[in-house]
Amino acid sequence: MSLKNDLDNLKQKGLAQIQEVDSTKVLNDIRVSLLGKKGPITNVLRGMKDLSAEERPKVGAFANEVRDTLTEAIEAKKDELQAQVLNKKLQEETIDVTLPGRPVSVGTSHVLSQVMDNIEELFIGMGYQVVDGPEVEEDHYNFEMMNMPKDHPARDMQDTFYITQNVLMRTHTSPVQARTLEKHDFSKGPLKMISPGRVYRRDTDDATHSHQFHQIEGLVVDKHITMADLKGTLEVLARHFFGEDREIRLRPSYFPFTEPSVEVDVSCFNCNGEGCAVCKHTGWIEVLGAGMVHPNVIKNAGVDPEVYGGFAFGLGPDRFAMLKYGIDDIRQFYLNDIRFLHQFKVED
Amino acid sequence: MKISYQWLQDYIKLTEDPDVLADKVSRTGIEVAGVDYPSRGLKKIVVGHINQVEPHPDSDHLHICQVDVGEAEAYQIVCGAPNVAAGQDVIVALPNSRIADNVKIKKSKMRGVVSQGMICALQEIGFSDSVVPKDYANGIYVFTEPVTVGEPVFKYLGMDDAILDFDITPNRADTLGMHGTAWEVGAMYNEKPQFKKPVVTESQTPARDLLKVTVENKAKVPAYYLRVVENIKIKPSPMWLQIRLWHAGVRPINNVVDITNYIMLTYGQPLHAFDYDKLGPKQIVVRNAKADEPLTTLDGVERTLTTEDLVITDGVAPLGFAGVMGGLDSEITDTTKTVVLESALFNGTSIRKTAQRHNLRTDASTRFEKGIDNASIQEALEAAASLLTELADAQVAKGILVGNDYVAEDTVVAIKVSRINHVLGTTLSTDTITDIFERLGFGVKLETDDQLMVSVPPRRWDISIQADLIEEVARMYGYDNLPSTLPVVAMNPGKFNPQQQFIRRAKQMMQASGLSEVISYGLTTETKATQFLMTQNDVLTKLDWPMTVDHAYLRLNLISGLLNDVAYNIARNQTDLAIYEQGRAFTKTEAAIRPDEREYLAGAVTGLVKQANWLQTKQAADFYYLKGIVDQFLTAHNYTGAVTYVPNEKRPEMHPGRTADIYVGTQFVGFIGQVHPAIAKAYDINETYVFQLDLTTLLTLTSERLISQSAPKYPAVTRDIALLLEKDVSNEQVVTIIQRRGGQYLQNIQLFDVYQGKNIKLGHKSLAYSLTFQNSEATLTEDAINEQMAKIVDHLKAEVHAEIR
Ligand SMILES: [Zn+2]
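All values derive from a computational prediction rather than experimental measurement. (Residues numbered from 1 in each chain as written. Chains lettered and ligands numbered in written order. Predicted model: local features only at pLDDT ≥ 70, side-chain atom pairs only at ≥ 80, totals over all residues. Heavy atoms only, no water.)

Chemist: Is there a simple way to think about the coordination of the zinc ion in this case?
Modeler: Ideal values differ by geometry: the angle at a metal is 109.5 degrees with four tetrahedral donors, but 90 or 180 degrees with six octahedral donors. Residues and elements named next belong to chain A. Around the zinc ion, the protein contributes the donor atoms Cys268 (SG), Cys271 (SG), Cys276 (SG) and Cys279 (SG), at 2.2 to 2.3 Å from the metal centre. Viewed at the metal, the four donor atoms of the zinc ion are separated by angles of 103 to 112°, and the geometry they form is tetrahedral. In primary-sequence terms, the residues that donate to the zinc ion follow C-x2-C-x4-C-x2-C. Under the relative-accessibility criterion, Cys268 is labelled buried at 0%. (Donors = N, O, S within 2.8 Å, 3.2 Å for Na, K, Ca; no water. Tetrahedral: all angles 85-135°; square planar, octahedral: opposite > 155°, others 65-115°. Buried < 20%, exposed > 50% of the residue type's maximum accessible area, 1.4 Å probe, protein only.)

Chemist: Would you explain the interface of chain A and chain B in this entry?
Modeler: Across the boundary between the two partners, chain A contributes 94 residues, which contact 88 residues of chain B. When chain A packs against chain B, the two sides together hide about 7,500 Å² of surface, and 53% of this comes from carbon and sulfur. One can count seven salt bridges joining chain A with chain B. The closest approach of N and O atoms between Arg504 of chain B and Glu121 of chain A, which form a salt bridge, is 2.3 Å. Linking chain A with chain B are 40 residue pairs in polar contact (both at pLDDT 80 or more), by the criterion used here. Class assignment for the residues of the side of chain A that touches chain B results in 39 nonpolar, 26 polar and 29 charged. (Contact = heavy atoms within 4.5 Å. Buried area = accessible area lost by both parts, 1.4 Å probe. Salt bridge = Lys/Arg side-chain N within 4 Å of Asp/Glu carboxyl O. Polar contact = N/O pair within 3.5 Å; in protein donor to acceptor, adjacent residues only side chain to side chain. Nonpolar A, V, L, I, M, F, W, Y, C, P; charged D, E, K, R; others polar.)

Chemist: Looking at this structure, how should I read the environment of Leu751 of chain B?
Modeler: Residues and elements named next belong to chain B. With respect to the helices, strands and loops of the structure, Leu751 is situated in strand β40 (residues 746-755). The spatial distance from the C-alpha of Leu751 to the C-alpha of Asn492 is 51 Å, given a sequence separation of 259 residues. Apart from residues lying up to four places away in sequence, Leu751 is in contact with Asn731, Leu767, Ala768 and Tyr769. (Helix = DSSP H or I, 4+ residues; strand = E, 2+ residues; numbered from the N terminus.)

Chemist: How do you make sense of the packing of aromatic side chains when you look at a structure like this?
Modeler: The description of an aromatic ring pair rests on the distance of the ring centres and on the angle between the ring planes. Evaluated as defined, the whole model comprises 28 aromatic pairs over all chains. Centroid distance Phe242 of chain A to Phe269 of chain A: 5.2 Å. Interplanar angle 5°. Geometry classified as stacked. Note that Phe242 of chain A is positioned in helix α8 (residues 227-242) and Phe269 of chain A in the loop between β7 (258-267) and β8 (284-293), a separation of 27 residues in sequence. What makes Phe242 of chain A buried here is its relative accessible area of 9%. Consider the rings of Phe127 of chain B and Trp246 of chain B, whose centres lie 4.9 Å apart with planes at 90°: the pair is edge-to-face. Of this pair, Phe127 of chain B sits in the loop between β10 (118-119) and β11 (163-167) while Trp246 of chain B sits in helix α5 (residues 239-247), placing them 119 residues apart in sequence. This pair shows no difference in class: Phe127 of chain B is buried, exactly as Trp246 of chain B is. Joined through ring pairs, the aromatic side chains of Tyr325, Phe333, Tyr334, Phe340 and Phe344 of chain A together with Tyr521 of chain B make up one cluster. (Phe/Tyr/Trp six-rings, centres within 6.5 Å; stacked < 30°, edge-to-face > 60°.)

What follows is the structure, encoded as structure tokens:
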């Protein structure tokens, strides 16, 4: 059994040697010296011819086992040494991750665009069309179709920039609705639209007035549209824009193009209705005007008001933005101070 | 209109707290802008009786008054008012009292004399200058009716009232009178208002013997009634009347004027009183004014009339504007003895035009413009006449003089209960709806359980169609009680149209390229509107009547707005800017009235586009920076035509050597370049690069249909080539030759170096290109590429005299 003892000694000695190695080169030398053709194991195996036929396979099997054990130990050691080398290299590569990154310049969308995109996307999701129309309008569409014939006192509510007697800068985006309603084919379904865009009024620019501002008006016309539908739709809008917890309330008002007409208040998002400076201590903030489309508006567009009816609403993205972000001067939107604009980085 | 809570109680029983009432009115009908409690915040202000007045020894205008304020000892109060006198009952602010504007009054010494408080003017306890009777405008107020010394003054001056400020929309002029307001508030509380019918006691003198009346323009004067009232004693009105006026914001003048105002506030019916003795011929003729006829109105302004103005005359000269303002010549004065009272209905549009033309908006004109209660025109006249007998000891001549008679009728509107519910989305019963109409004072006749005939009295002239009645139901039922639903309709997909999508993507690409969006004004100056034109044929549009020269013309370009923004920022030390705007340019052809509105996209960069930091050196904006952005945007659309940049030295606002017109195929789509230094100077800005693209045109261009190619299996081969060229050979020329001679496998030409200067012949430059060849079917052979390169080189030599370096 001396061969077996030799092998066992070889194994113990070899494992001890491998354990102590600290470089891949030395490890390779050990591999060659232990497992190579001139190494001790080969020697042992050569000596097997002197063994009995009975012992030979047992010793052979043991010798293979010893070789495998040593090979494994060498491989494991090799991995360990390589990992050490890599770790050292990585350590040397360490950088100051707190140094600033390479700047990427991305532009911002104007805050008014953000507000309008936000609202447009909401209504697109509810199956509305977004319809654009001319900023230079005919008196006919801007006023007459909207139930404000010449000499109507309500025209004074919307001081107007005229270009000729019959051509003007639109004072609201309602004329887009008039144009769309006039063309709409109800056999293809209801009319559900919003019309966003620039509008103009004869106002002197100050903190709360601008001769140019924006509007989004909405219109839904079909056979069974109710004022409850208006209320529900405005609730969706208010919660989408001002927060999930918002409530709305409607108050009677007057617009020539709707009847009934309402002003819409949203519960104050600043104080949750408790009362604060933002809501002038009422808990409510007036955000938009709305109502059921006046039968004359339906009729003026060539649609039968006995059969069709609907609701309309109009909101000011400028006002929405001012409320949401606490902007106190409407002129900020059009002066385009880059420091002002860059605040509004993320559209949400 | 300012509504007195106490006055309202003449007509309806109210116990509601005025603030709660105000909120309810706001939620149900008319916005209440605020509630004013005149005595709120005031303290220790009592009635005093002046026993004695002596001049102050050390002052030429102060008086030392001994004032009984209901205590054992009289108070000594120093007073500077010129009208102070012994025997007066006055307003006394006691020591430690609080008067208007939260001012505290203390016991003090005035020029050495102890003063225990202050004798007050009305303004000092919170009255507006505009309502204080003229007699007391510049001095203390003196009570004219019995008061109890030592009592708080508030009840004597009506200051224990609450005043609600009704912010009336144009359709609710019915609440411009207390009767209408009482109907409105009564309906909310289910209280039917009670009104007293005026009773006139007439004298034996027939009015028609005193005065003749003619209305010439009956179309514009549907109703015209006069009464003649004789033997008038002009004097101040009693306290109760003065109080009602000043709460409404009207200054008490004398009994006659006050009564006309009071009746107007009560009925919403403007009245006018003429001094009968100042009429030339004893007649009233209502007619259109003659051109350039003069009239001096009550405010002392001399006006020149037009034939559109409706006037009241004595047959000779105008006595006043109909329904707007009376004339100075027939004004009621202290010596007036006989009065002609007028109650009429004038055409609202005519009144509005006159008021506008002469810039003269009055309480009367507002009411005629917005609509009065046609059913109470005569009653208002009777009420005024009756009050004149009571308060001016007058006799009312017998009979009403009628210039034009008018019978007001209810408006009957047929409406179905089911219709109301259909529009509101409710399930209200016939009873509920009938009750609402009846509370509003409308008559309801049930034709069937569903079909109602609603009679609307003339005071609610705003109601004439079903929608108007539906609004009444909605607001009285309460908007809070309406259900909340979403429309149930056939569903069509909601989506942006191609133009909207294109514009949204364009904006996103600009932002991704580092440009920030701005929104400038569409209206600008003539100069700025006409700069940076796409084509010189664009015609300008001007506002008919601009407010300022800064916003008088519709812009034909977007760049001038961007440069305004650049200037604004540079003035605030923000010198590194990269901005864009997407908006409309109002281009027009000569013949058109309305401009086309073309969607433009424009950008501007100035200053640094990269700041120096620890990783990179700073980089200034230049032509190629902006061109990179524009080119990326244009080529991304994969247009059928190639995107080319053609030098244009003729754009007047642009640098002649650094400007290119941009084409897609043969279509001009915009331009890019450096702003001309002279223009930059005019804007007060630094070196700035701009571009402007016509998106409306771009949208009409066709794009190659994209068919996916699989990633190449065989390697590409790259060859570099450096050329020495004469200076004015352009990159485009070289690229065109390479493209044309590069063969079918040439995939990409990359310019990687441009050099000029040292080691280069004078008047020459070096351009170096990297050419990539690829065959998707097989690996390219060296020989094949060499052959192709040789061909390219030959042509470069021949066509642009290139030397290979
Ligand atoms: Zn609040």
